Amino acid sequence: MSAIVRHDNGTGWPMDAWGDLTEEDEREFARLDAAFEAGEPLTGERDATFGTWAHVRFCAAPGDERRRALLGQVTERVTEWDKNTVSGLWRVSGRAPHPASVDDPDFYRVPVAAAASLPYSGRRFALRWWDFRHMRWYDDRLWQLIGDQLTELLSEPETDDPAEAVRNLLWDEDAFVTRLAGEFAPRLGSPEVRPLLRHWCTATASKPSPRWTQQAKELLNASAMNVIPEVLRALAVHREAVVRHLYADRVHAETVFLRRRTATALRGLVWTCELIDEPWVVPLLGDVAVTAGTGIGGSGANARSELLANAAIGVLARRGGLDVVAQLARVQAKVRKKTILAAVDRTLNEVAEGAGLSPEQLLDRTAPTFGLDTDGTRTEQGLCLSLDGKITYNGRKTIPKAVDRELLAEFRATAKELRKAVPAERFRIERALATERIWRWRDVCAHFLDHPVVGAFARNLIWEILQGPAGLPVRVDGAWELTDPAGRRIQPFPDTPVLLWHPIAHSAQEVRGWRDHLIANELRQPFKQAFREVYLLTPAEEETRHHSRRFARHLLRYGQAKALLTERGWSGMSLGHWGRLYGSGEAEATKELPGGLTAHWDFHLDEDSFDRDGGGTVSICVSGDLRFTAEGRGVPLAEVPPLTLSEVLRDADLAVGVTSTGLDPEGHGEYWESYGFGELSESAEMRRDALARLLPRLAVAGRCTLSGRFLHVKGDLRTYKIHLGSGNILMEPNDAYLCIVPGGGGDQVFLPFEEDGGMLSVILSKAFLLAADTAITDPSITRQLR
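Residues numbered from 1 in each chain as written. Predicted model: local features only at pLDDT ≥ 70, side-chain atom pairs only at ≥ 80, totals over all residues. Heavy atoms only, no water.

### Observations regarding the pattern of salt bridges
Short version of the rule: Salt-bridge detection follows one rule: a side-chain nitrogen of Lys or Arg within 4 Å of a carboxyl oxygen of Asp or Glu. Counting from the N terminus, the helices are the DSSP runs of H or I reaching at least four residues and the strands are the DSSP runs of E reaching at least two. We call a residue buried when its accessible area falls under 20% of the maximum for its residue type, exposed when it is over 50%, and partly exposed in between, using a 1.4 Å probe and counting protein chains only.
Across all of its chains, the model carries 48 salt bridges by this definition. Between E425 and R428 there is a salt bridge, with its nearest N and O atoms 2.7 Å apart. Here R428 and E425 lie together in helix α21 (residues 405-434), a separation of three residues that amounts to about one turn. No difference in accessibility class separates E425 from R428, as the two residues are buried. A salt bridge links R489 to E481; the shortest N-O distance between them is 2.8 Å. On the accessibility criterion, R489 (55% relative accessible area) is exposed. On the basis of relative accessible area, E481 is assigned to the buried category, the value being 9%. Connected via shared salt-bridge partners are E430, K528, R532, E533, R568, K591, E647, R650 and D651.

### Focus: the sheet that holds strand β10 (residues 489-490)
Selection rule: At least two DSSP bridges between two strands are required for those strands to pair. Should any heavy atoms of two residues lie within 4.5 Å, those residues are counted as being in contact. The axes used here are C-alpha line fits, helices contributing only the stretch in contact, and every angle between their N-to-C directions lies in the interval 0 to 180 degrees.
Taken in spatial order, the six strands line up as β6-β11-β7-β8-β9-β10 in an open sheet, and their pairing is antiparallel. Of all the strands in the sheet, just β6 (439-440) and β10 have a single pairing partner and so form its edges. The sheet contact formed by strand β9 (residues 479-483) and β10 spans two bridges and is antiparallel. Among the inter-strand pairings, L482 is bridged to a residue of β10, identified as I490. Across the sheet, helix α24 (residues 508-520) is in contact with β8 (470-476) and β9; its angle to β8 comes to roughly 40°.

### Points about the packing of aromatic side chains
As a reminder of what qualifies: The pairing test for Phe, Tyr and Trp rings, Trp by its six-membered ring, is centres within 6.5 Å, and the orientation test on the planes gives stacked under 30 degrees, edge-to-face over 60, and tilted for anything in between. Only lysine NZ and arginine CZ atoms are considered, and such an atom sits over a ring when it is within 6 Å of the ring centre and within 35 degrees of the ring normal.
As enumerated under the stated definition, the model contains 17 aromatic pairs in all. Connected via pairs of aromatic rings, a cluster forms that spans F36, F50 and W53. One residue, R66, lies across the ring of F36, its end atom 4.0 Å from the ring centre. Sitting over the ring of Y120, R123 keeps its end group 4.3 Å from the ring centre.

This is a description of form; function is not addressed.
Below is the structure:
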């Protein structure tokens with residue numbers, strides 16, 4: 001039996017919003033309509049189809065007493081219902097247009113009786129669309145009519161079974177409740193903790209009232225204190241899942257992180273942490289805020305659960321103190337939801353104001369050390385924890401069983417926190433480079449160069465005295481100085497203003513000098529600084545004035561592009577096939593910039609998108625124009641500060657360079673040809689510059705030459721041309737395409753900046769492979785070579 005009804009055969013009440021009847025149901029409804037109109041007795045009918053028909057016909061014409069009389073027959077004789085059909089009955093009642101639907105109990109007579117025949121889990125499923133809290137507050141007439149019946153339907157009797165007790169309170173509607181009613185049930189559902197669990201379910205406000213908190217304090221006990229951190233750890237690693245259910249004879253799928261009822265109870269649990277003074281509270285609340293605040297799949301401008309993220313941030317804000325700052329910095333680095341970031345900013349401002357600092361200074365002073373020494377390691381009883389989160393024992397990866405297990409557990413917990421903090425700290429420093437932040441030299445020495453975590457990045461970056469010389473930090477006689485590529489030493493005074501050096505403000509000769517110095521001394525920077533791309537206005541952009549088309553008309557892998565831009569502070573990039581008529585095929589990614597500027601980058605779906613994706617998840621999007629506004633008004637490109645313009649265009653170049661479909665080794669088509677072998681972007685030109693410096697140091701230097709857009713590699717079988725933008729390969733003499741799918745291995749070559757296996761690494765690995773082409777054994781490659 002379909003749960004949904006399509007129409008009412010002339011009653012004037014269209015019901016196609018809920019789906020279609022099956023053909024069998026259509027025939028049965030037509031038979032029942034004919035029998036009813038002919039005045040035939042229907043006393044023998046007793047199945048769910050008859051019950052649904054009778055309910056629908058009554059709701060369409062409640063003034064017909066013959067139809068009303070059928071309801072008693074349904075409630076007495078129809079005893080077997082399924083939850084989907086019952087859900088449809090409640091929807092029919094809830095959407096009935098007749099004004100009597102809020103005064104006449106017969107509108108709900110069949111749905112109540114049908115729901116009562118289901119087990120409690122089925123009742124909750126059937127009534128999942130009804131907002132009882134809203135009804136109680138804003139629809140008093142309806143609540144007076146059926147409120148008691150609804151309460152009775154959904155209130156399970158008390159049970160001694162802890163798992164049943166948990167399900168009674170939370171409803172088994174998502175995977176996390178299933179886990180809570182499983183491994184956590186013996187404690188959560190115990191008589192000691194159950195009253196607090198029941199109280200958590202009342203956490204329906206945006207923040208806890210003094211009365212709510214006082215009651216939680218009275219219910220909090222040792223048993224609850226033991227289970228709360230374990231639930232928070234489980235929540236921090238919980239991820240969304242696709243839930244499929246049959247509805248109207250069709251399988252519907254939805255992605256679920258937490259149902260509202262689950263999130264409400266967990267919000268109560270998070271609020272209760274405000275009453276607990278234990279070292280695990282702050283880091284676990286940070287974990288929950290990051291997990292709940294990031295989007296589905298770990299990226300995007302939305303949040304898995306804004307409700308939970310705000311609850312965790314709210315508790316951190318009310319706790320205050322410097323120990324919450326590191327967790328808030330993690331949220332800043334990972335989350336892109338504007339409302340959540342605004343809450344983080346407010347909290348940081350409050351903590352900073354209380355300490356007499358700016359928010360940036362606060363983050364500088366509270367960067368965690370994790371017990372590491374200045375060399376970035378912690379050593380104890382033979383165990384060594386390094387900055388990358390790896391643990392060794394006396395230099396070996398294998399850790400013997402004789403090692404103190406408590407100490408090892410502590411090292412592992414610290415390593416886990418360290419791996420979360422390092423990317424956030426690197427992000428914070430790179431953001432300071434892009435925004436021209438200025439420090440006093442004493443603060444740089446104290447909070448960056450001497451810091452065991454941040455110092456690992458800061459000591460390999462170039463620092464510049466404001467409007468003065470620049471250098472790399474070196475420690476001389478216990479004090480930090482700066483040294484330029486020529487070896488000249490610079491000793492800033494403690495109050496000297498300094499900032500991170502950016503190539504856009506310096507001559508080509510100085511930039512070349514720093515790049516040569518890094519290569520010669522094999523100094524690896526945590527991100528591109530000396531080799532950072534610079535984007536200046538082009539003649540075309542000077543002509544268009546208000547917008548740039550430099551990175552328009554590119555076909556990008558949508559999910560990857562969205563994740564990358566989200567990580568770099570962009571939001572609003574949401575495309576889909578769900579409402580093309582309403583604009584779901586167009587999106588505008590935005591990024592807030594210093595000085596009140598906002599960058600806007602347009603995206604849209606191409607005309608083949610729906611057919612390509614089958615109406616499902618978008619796979620490819622098309623980039624459009626990029627422009628700037630301030631206070632809602634367009635800003636000419638020439639009036640955007642050069643560094644700001646350069647960094648925004650760098651984001652765009654990075655998105656195209658990493659996610660373009662032109663990178664597909666098995667691609668084809670006009671766009672693939674133009675991108676895969678066309679003109680080089682600024683990032684590809686920078687790659688060419690780095691290769692020119694690296695090649696003389698490589699074992700394959702005698703077989704490689706740079707020419708135009710390509711790295712030429714002479715093998716024994718062929719000569720190859722590797723495109724410096726896409727990494728695609730052509731084989732001479734006829735420019736035949738060679739398809740090589742990049743692998744995870746390859747020769748380890750020094751790079752002057754951390755690239756995380758980027759295109760430069762791919763090109764170098766292909767060069768090493770092709771220089772020894774006679775040694776290639778992979779049949780997918782050898783077939784193409786010969």
